[in-house]
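Chain and residue survey
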Amino acid sequence: MKNRTLLMIPGPIEFEPAVLSAMGAPTTGHLAASFIEAFGQALERMRQMFLCPDGQPFVIAGSGTLAMDSAGANLVEPGDSALVVNTGYFSGRFGALLERYGAQVTQIRAVPGGCPSLNEVEQALAADPYKLVIVTHVDTSTGVLADVAGVARLARQYGALCVVDGVCSVAGEELRMTEWGVDVALTASQKAIGVPPGLALLVAGPRALEVFRARKTPVGNYYADWNNWLPVMQAYEARKPAYFATPPVNLIFALNVSLGLILAEGVEARFARHARLSRACKAGLAALGLGQVPLSPKLAANTMSAPRFPSGVNGPDFLAWAAAAGVTLAGGLHPAIRAEYFRIGHMGAVSQGDILATVGAVEAALASCDYNFTPGEGVAAVMKALEA
Ligand code: PMP
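All residue numbers here refer to positions counted from 1 along the written sequence of the relevant chain. Reporting in this predicted model follows two pLDDT cut-offs: at least 70 for local features of residues, and 80 or more for side-chain atom pairs to be given and counted; totals over whole chains, interfaces and linings ignore these cut-offs and use all residues. Side-chain metrics rest on all non-hydrogen atoms present in the structure, leaving aside hydrogens and water.

**A few points about helix α8 (residues 206–213)**
Residue pairs spaced three or four apart in an α-helix point in one direction, given the helix's 3.6 residues per turn. We apply this condition: When a residue's accessible area, from a 1.4 Å probe over protein chains only, is under 20% of the maximum for its type it is buried; when over 50% it is exposed; and in between it is partly exposed. Numbering of helices and strands runs from the N terminus, with a helix taken as a DSSP run of H or I at least four residues long and a strand as a DSSP run of E at least two residues long. The directions from the helix axis to the C-beta atoms form the arc being described. For this analysis, residues touch if any pair of their heavy atoms sits within 4.5 Å.
Turning to α8, its buried residues are A208, L209 and F212. The arc enclosing the buried residues of α8, seen along the axis, measures out at 100°, which places them on a common side. For α8, the secondary structure elements touched by its buried residues are β2 (56–61), α3 (64–75), β8 (161–165), β9 (184–188), β10 (199–204) and α9 (226–237).

Shown next as structure tokens:
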């Protein structure tokens, strides 16, 4: 017996055995030749994963919030204006963080499950000048997928930098930094990039670096200051040792292994796998009569699902029954609708077997909650979608 559940929350996720084994390997010094090679290779591979051949990758010990903090600290100077395309809890966090660095933040909001339209974004950009436009690619609190290509195009048109919180998207959702004109994309290791929690990952495009270099005031965050990290990233990529703060050696070895697996699968194939498995999961949930938080299928992420509880089903009981059936799922997060829905992460190493197991556990939990449905219909819909 495995004596553990399948972890299907929107991060941390299930990791590849090769990645976990890199985590458990004897730790080298941060100036060891093998580490310098792995770090250098990981930085090169990040560029490929983010589809940003001329970008500058940063790999820093911390979580996704540090990656957001690093973008904010390095790009904002007091008095700058920023526009946040708000699709939920994590967009709100980005706005609050930018204010901490002295930005004047305007948030365009939508109802939970909705996304501000490109029209609304354009109206805001036409009305006032902005230095930054922030968009959360997938807001993990709602499962809403934003139109990053559309927002980035408008940002470029109106002379603003486009910063993408890709914590719940990079290496799962289609994201093309250079082609779409995204200036900064950031993520955290524990999501679709497939490494245990502990790395803040960011790629800055040339325009973002130009804006950073033109700063008139010092960066208001010592640890996150790109002036401290740029020489380190450049040195490792040139296969030379460097030091600013001790890198998380095992996590970076693991990142390099995971990026190797990702590129071996192929970025396009990876996007397609996430889309296919997401469709299958959502088909299974729909067959059981469960609605979704995103207001339309077009607004629904491929890396996760946010199904609504049917009336009469108690959230904490449901989640406990799902765990008893072998699958750990997450509860709601958006404060306005927290008790009304749950969340399933299906990203990274996720397989079709995982989707079948998850929808099976959802069925078992619904049955334990006395929900009236035809057992097997969800799993059958998943199988049908997978055959299509
Ligand atoms: N942005 C999004 C979209 C997220 O999903 C998360 C984490 N769930 C964060 C930011 C913050 O990342 P972390 O918890 O790693 O700090």
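Here the narrative resumes.
**Examining the packing of helix α5 (residues 118–127) against helix α6 (residues 148–157)**
Filter applied, for reference: With axes taken as lines fitted to C-alpha atoms, and helix axes fitted only over the stretch in contact, angles between N-to-C directions fall between 0 and 180 degrees. We call two directions roughly parallel when the angle between them is under 35 degrees, roughly antiparallel when it is over 145, roughly perpendicular when it lies between 65 and 115, and oblique otherwise. In a left-handed crossing the near helix is turned counterclockwise from the far helix by less than a right angle, and in a right-handed crossing that turn is clockwise.
The contact between α5 and α6 brings their axes to 10 Å, and the two run at 15°. When the interaxial angle is binned, α5 and α6 end up roughly parallel. In this structure, α5 meets α6 at a crossing whose hand is right-handed. Between α5 and α6, the residues in contact are L118, V121, E122 and L125 and G150, V151, R153, L154, A155 and Q157, respectively.

**Some thoughts on the sheet that holds strand β13 (residues 330–331)**
Convention followed: In this description, strands pair whenever DSSP reports at least two bridges between them.
Here we have 3 strands laid out as an open sheet, ordered β11-β14-β13, and antiparallel in their pairing. The open sheet terminates on both sides in strands that have one partner only, identified here as β11 (304–305) and β13. Two strands pair when backbone bridges link them, and β11 and strand β14 (residues 342–345) are joined in this way by 2 bridges, in the antiparallel orientation. Across the sheet, the residue bridging to M304 is G345, located in β14.

**Side note on the pattern of salt bridges**
Going by this rule: Whenever a carboxyl oxygen of Asp or Glu lies within 4 Å of a side-chain nitrogen of Lys or Arg, that contact is scored as a salt bridge.
Across all of its chains, the model carries 12 salt bridges by this definition. Measuring nitrogen to oxygen at the nearest pair gives 3.1 Å for the salt bridge that ties E14 to R4. With E14 in the loop between β1 (6–7) and α1 (17–23) and R4 in the segment before β1, this pair connects stretches of sequence that are 10 residues apart. A residue is classified by how much of its surface remains accessible, and E14, at 22% relative accessible area, is partly exposed. Connected via shared salt-bridge partners are E37, E44 and R239.

**Overview of the environment of F212**
Note that F212 resides in helix α8. Accessibility expressed as a relative area gives 4% for F212, which makes it buried. Taking the C-alpha atoms as reference, F212 lies 17 Å from L97; in sequence the two are 115 residues apart.

**Details of the state of the cysteines**
A covalent bond between the sulfur atoms of two cysteines is referred to as a disulfide. Let me state the cut-off plainly: Two cysteine sulfur atoms form a disulfide, by the criterion used here, when they sit within 2.5 Å.
This structure, assessed with the given rule, holds 0 disulfides. In this structure C52 is not part of a disulfide, and its nearest cysteine sulfur, from C162, lies 12 Å away.

**Things to note about helix α14 (residues 377–387)**
Residues of α14 that are buried: G378, A381, V382 and L386. Considered in projection along α14, the buried side chains sweep an arc of 135° and stay on one side of the axis. Residues of α14 that are exposed and point more than 90 degrees away from the buried face comprise K384 and E387.

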